[in-house]
Amino acid sequence: MEKLFYPNREEAKKARIRNICEYQELVEEAKEDYEGYWGRLAEEKIDWFEPFDQVLDESNPPFYKWFIGGKLNVSYQCIDRHLESRKNKAAIIFEGELGDKRVITYRELYYEVNRTANLLKNRFGISKGDRVVIYMPMIPETTFMMLACARIGAIHSVVFGGFSADALRDRIEDAQAKLVITADGAYRRGKPYMLKPIVDEALSKGCESVEKVLIVERNGEEIEYIEGRDYLYNELVKQESPICEPEIMDSEDPLFLLYTSGSTGKPKGVQHSQAGYILHAMVTMEMVFDIRENDTYWCTADVGWITGHTYIVYGPLAVGATTIIYEGVPVYPDAGRWWRMVEEYQVNQFYTAPTAIRLLHKTGIEEPKKYDLSSLRILGTVGEPINPDAWLWYYNEVGGGRCPIVDTWWQTETGGHMISPIPFATPIKPGSATNPLPGIMAEIVDEVGNRVPQGEKGFLCITKPWPSMIRTIWNDPERFKKSYFGDVTKDGKPIYFSGDGAIYDENGYIVITGRVDDVINVSGHRLGTAEIESAIGNHDNVAEVAVVGKPHQLKGESVFAYIVLKSEDSLGEDVELLKEINSIISKEIGAIAKCDEIMVVSGLPKTRSGKIMRRILRAIAKGEKINQDISTLENPAVVEEIEKKFQMK
Ligand code: WTA
């Protein structure tokens, strides 16, 4: 049995949840009176303009509604309500990659967001329900834009800056956005990089709905400027009034869309709500990060992903914390950059991805020793399973053996943490997210919803609706139903299936084994194999392709493609082909989805009905034994061919 790491007793005394019994009490409270539990929290945490009169409406599953009748504004929740007690407290501490710094207090944030909100309303005619696409780097203005949308009731859709023009165009078109907000560019690895030209390219290929483009000047590099369409933010915003009354929003009005990859087709616009989302963001900031008044909190994610939304912007600000935003990469100018920042800002909670931990472990194993990291109290990880090696280094060298690691499992669709240790209550162990949070009915089950016995693999499901859950897929309620509520049932009713496999370990803890669908996780970036396959399929000489994830030391998984060519002549020119394929992927999706390796094969294993057996291809790429009967395949010989090729690699 693997060793457990116990919380420090002295620290535990000061924590919100001080021991496992207190955690258990909350779990019981939620079990006994589910709506009572969430209703109590919603009353305690949210500053309602008008109270809700019903906690949960389950009348039309899976379209659940929470806190019916309640009125609020999320930007008010994140800013206005702190103005009395925290007016000059730092809301945001920003550090640029080149070392430039900026501290924004809650009062300043209030003015900036109000001015921005007025600009969006007055100059660009944005009003409640309009969609605004935000394609921005990691700078404070990105937060102003998100909160300004929330203030006026516009629905933002932040698109990660690593996506290509084509991917950006698809997202703009799906959301029918009226306005695109971007920056000239920013800095990465010490050099300027550009975003605005990518927006120009996206808009040149469609996007009829877009009327205007708003540009934040960050790196001052030259950009093309289209008169009448493009506007510069920095000067314009100064002309606006610093007061903007928040729009009164309904609990269930959409707050934002965030596109994410699924196992089939195009990315889906995951739609989140106002009240349920912000409530869970706040509850988890307190439960999982045990955030306190004087803490400095740092989440290194990109704001283009859900982690950036919930745990850089909405969660920390809603609880009145100080949140750090860092512009660049972790290894610039060297692998000590982040630790230097932890020391300088006296960071208390540090939240990052396993892929970054692996990178810093590999490239800067001695770096943490050079800095005073004694301010750290809690460490966190998210996005993918973490291997024990990296976990132990993080625990011992970064956390000095003192700080609990909260390995938080959740998804774009869940809005916030679902399974995680409680930092000063749960004994932790490498590679396990441990237990569901109170009020989250996560369970590992078989196809018919029976809990699997310990040690047996099953599907990770959530058996009851929760406040911050996805409400629908934008414009596609049918797909929403099918994607999440199709496969697994309990008592005859479909329950939310996460797409992840998991097992209960010998402590009864949940260990995530990874996706069981066609989604792969490359450096914490969630990618759909279907999208990559469709890009590769556009190569002239590709007849058929199947993409799978292959274990990778740093990235977690890498993109691996099995390819059948149209013309046999080009066999053996894999390097050239790989280059060509990657340039197509970069164009259609973005460099983050590039293939690491390809294998040219004579055919793909298929069932007699012609379905590609991805499970077999995944197993081969992972180096696993195939324990499935392949004799029923249409072309069993192909499997042997592929296995042989692998052995020769
Ligand atoms: C994976 C990121 C293991 C999982 C917040 C999930 C994890 C997908 C963990 C969601 C974890 C996330 N341990 N795997 N602690 N956290 N995952 O939507 O496969 O970008 O389904 O949300 O990441 O990725 P997404």
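What follows deals with the overall build of the protein chain. Scanning the protein chain from terminus to terminus reveals 19 helices and 32 strands. By the compact-globule yardstick of 26 Å for 649 residues, the protein chain fits well, its C-alpha radius of gyration being 24 Å. For the protein chain, the spread of C-alpha atoms along the three principal axes comes to 70 × 65 × 60 Å. Burial status across the protein chain gives 62% buried among its 649 residues. When contacts within the protein chain are restricted to residue pairs at least 6 apart in sequence, those whose partners lie at least 24 apart make up 71%. Element-wise, carbon and sulfur atoms account for 47% of the exposed surface of the protein chain, whose accessible area totals about 24,900 Å². Charge-centre separation for the protein chain: the mean point of 76 positive side chains lies 1 Å from the mean point of 98 negative side chains.

Interfaces are frequently sized by the accessible area removed from exposure as the parts join. Here the protein chain is partitioned into domain 1 (33-329), domain 2 (442-515) and domain 3 (519-648). Its C-alpha centre places domain 1 at a distance of 28 Å from the equivalent point of domain 2. Taken together, the contacts link 29 residues of domain 1 with 19 residues of domain 2. Summed over both sides, the interface of domain 1 with domain 2 buries roughly 2,100 Å², with 63% coming from carbon and sulfur. By the criterion of area lost to domain 2, the three top residues of domain 1 are Phe63, Lys268 and Gln271, representing 27% of everything that side buries. On inspection of domain 1 and its partner domain 2, the count reaches 1 salt bridge.

This part takes up the site of the ligand. In the vicinity of the ligand lie 17 residues, with Asp407, Thr408, Thr412, Asp500 and Arg526 positioned nearest. A distance of 2.8 Å separates a nitrogen atom of the ligand from a polar atom in the backbone of Thr408. Contact distances for the ligand include 2.8 Å between an oxygen atom and a side-chain N or O atom of Arg515. Protein coverage of the free-state accessible area of the ligand, which is 530 Å², stands at 95%. Mapped onto the shell around the ligand, the elements with two or more residues apiece are α11 (306-318), β20 (405-408) and β27 (510-515). Its residues assigned to classes, the shell around the ligand shows 6 nonpolar, 6 polar and 5 charged.

Let us look at the pattern of salt bridges. Within this structure, the stated rule accounts for 53 salt bridges. The partner of Asp200 in a salt bridge is Lys196, and the shortest N-O contact between them spans 2.7 Å. With Asp200 and Lys196 both in helix α8 (residues 196-204) and 4 residues apart, the pair spans about one turn of that helix. Of the two residues examined, Asp200 and Lys196, each falls in the buried class.

Here the focus is helix α5 (residues 106-123). With 18 residues, α5 extends 25 Å between its outermost C-alpha atoms, agreeing within 8% with the 26 Å of an ideal straight helix rising 1.5 Å per residue. When α5 is considered as a whole, its buried residues turn out to be Tyr106, Leu109, Tyr110, Val113, Asn114, Thr116, Ala117, Asn118, Leu119 and Leu120. The positive-phi residue at the C-terminal boundary of α5 is Gly125, with phi of around 60 degrees.

One open sheet accounts for 4 strands, arranged β21-β22-β26-β27; its pairing is antiparallel. Of all the strands in the sheet, the pair left with one neighbour each is β21 (442-445) and β27. Each adjacent strand pair in this sheet contributes to an overall mean axis angle of 45 degrees, direction not counted. Alignment of strand β26 (residues 496-504) against β27, held across 5 bridges, turns out to be antiparallel. By the bridge assignment, Gly501 is partnered in β27 with Gly514.

Taken together, Glu28, Glu32, Asp33, Glu35 and Glu58 make up a surface patch of like negative charges. On the secondary structure map, Asp33 appears in the loop between α2 (20-32) and α3 (34-45). Exposure remark for Asp33: the relative accessible area of 43% places this residue in the partly exposed category.

For the rest of this paragraph, the subject is helix α7 (residues 165-175). A turn of α-helix holds 3.6 residues, and therefore any two residues three or four places apart point the same way. Among the 11 residues in α7, 8 count as buried, and that is most of the element. All of the buried residues in α7 are Ala165, Asp166, Ala167, Leu168, Arg169, Arg171, Ile172 and Ala175. Residues of α7 that are buried make contact with β6 (131-135), β8 (179-183), α8, β14 (254-260), α16 (529-536) and α17 (574-588). A positive backbone phi angle near 55 degrees is found at Gln176, which sits one or two residues after α7.

Bringing the packing of α16 against α17 into the picture now. Where α16 contacts α17, the axes come no closer than 9 Å and their chain directions differ by 120 degrees. The orientation of α16 with respect to α17, classified from their angle, is oblique. The two elements α16 and α17 cross, and the hand of that crossing is right-handed. Contacts between α16 and α17 involve Ile532, Ala535 and Ile536 from the first element and Ile581, Ile584, Ile585 and Glu588 from the second.

On to the pairing of strand β4 (residues 90-95). By the criterion of burial, β4 is predominantly enclosed, with 6 of the 6 residues buried. In this antiparallel pair of consecutive strands, β4 and strand β5 (residues 101-105), the connection spans 5 residues, and Gly99 shows a positive phi of 105 degrees. Two elements, β4 and strand β17 (residues 322-326), share 4 bridges in a ladder whose sense is parallel. Counted as the bridge partner of Phe94 is Ile325 from β17.

Parameters and conventions
- Residues numbered from 1 in each chain as written.
- Predicted model: local features only at pLDDT ≥ 70, side-chain atom pairs only at ≥ 80, totals over all residues.
- Heavy atoms only, no water.
- Helix = DSSP H or I, 4+ residues; strand = E, 2+ residues; numbered from the N terminus.
- Rg over C-alpha atoms; globule rule 2.2 N^0.38 Å.
- Buried < 20%, exposed > 50% of the residue type's maximum accessible area, 1.4 Å probe, protein only.
- Contact = heavy atoms within 4.5 Å.
- Areas by Shrake-Rupley, 256 points an atom, 1.4 Å probe, with all protein chains shown as cover.
- Lys, Arg positive; Asp, Glu negative; His and termini not counted.
- Charge placed at Lys NZ, Arg CZ, Asp CG, Glu CD.
- Domains from an automatic or database assignment.
- Buried area = accessible area lost by both parts, 1.4 Å probe.
- Salt bridge = Lys/Arg side-chain N within 4 Å of Asp/Glu carboxyl O.
- Near = heavy atom within 4 Å.
- Polar contact = N/O pair within 3.5 Å; in protein donor to acceptor, adjacent residues only side chain to side chain.
- Nonpolar A, V, L, I, M, F, W, Y, C, P; charged D, E, K, R; others polar.
- Expected span 1.5 Å × (residues − 1).
- Pairing = 2+ DSSP bridges.
- Axes fitted to C-alpha atoms, helices over the stretch in contact; angles between N-to-C directions.
- Patch = residues over 30% accessible without salt bridge, like charges linked within 9 Å, V, L, I, M, F, W, Y side chains within 5 Å.
- Parallel < 35°, antiparallel > 145°, perpendicular 65-115°, else oblique.
- Left-handed = near helix turned anticlockwise from the far one by under 90°.

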